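# Descriptive structure summary
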Amino acid sequence: MTLVPVRVGTARWNIPLDPQLRTDPRRKREGTLASYATVLSASEVNSSFYRHHDAATWARWARTTPAHFRFSL
C-alpha cells in the first residue's frame with residue numbers, strides 16, 4: 001500500500017487563521033501567504049479562475065512558501 005500525503009488548505013490565504021498570525025512579523029515583511037504557509041500546506045488560487053497571473057507572480061508565491069507547499073489552480 002502506498003500512502004499519499006494529505007494536504008489541507010483553503011481557497012484564499014489573506015484571512016488570518018489564528019489571532020497570533022495578525023501580529024506575526026513575517027506577515028508584515030513577506031505578506032499573508034508566508035504566514036498562512038506556516039499553518040497549512042496548500043491553497044487554492046481562486047483568482048486563477050478569473051484572470052491570468054504573470055510568471056513573476058507565480059515565482060514570488062513559490063519563493064514565499066516552503067518547498068512542500070502546493071497550489072491548486
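Because the structure is a prediction, the values reported are computed rather than measured.

## Focus on the packing of aromatic side chains
With the rule as written, the count across this model stands at 5 aromatic pairs. Relative to Trp 61, the ring of Trp 58 lies with its centre 5.1 Å away and its plane at 90°, an arrangement referred to as edge-to-face. Linking Trp 58 with Trp 61, this pair stays in helix 3 (residues 55-64), spanning 3 residues, or about one helical turn. With relative accessibility at 27%, the residue Trp 58 sits in the partly exposed group. For Trp 61, a relative accessible area of 11% gives the class buried. Three or more aromatic residues link up through ring pairs in this structure, and these residues are Tyr 36, Trp 58, Trp 61, Phe 69 and Phe 71.

## Things to note about the environment of Trp 13
Structurally, Trp 13 is set in the loop between strand 1 (9-10) and helix 1 (25-30). Note on Trp 13: relative accessible area 15%, which makes it buried. Discounting chain neighbours no more than four positions away, the residues touching Trp 13 are Thr 32, Leu 33, Tyr 36, Ser 43, Val 45, Trp 61 and Phe 71.

Definitions and cut-offs
Residues numbered from 1 in each chain as written. Predicted model: local features only at pLDDT ≥ 70, side-chain atom pairs only at ≥ 80, totals over all residues. Heavy atoms only, no water. Phe/Tyr/Trp six-rings, centres within 6.5 Å; stacked < 30°, edge-to-face > 60°. Helix = DSSP H or I, 4+ residues; strand = E, 2+ residues; numbered from the N terminus. Buried < 20%, exposed > 50% of the residue type's maximum accessible area, 1.4 Å probe, protein only. Contact = heavy atoms within 4.5 Å.

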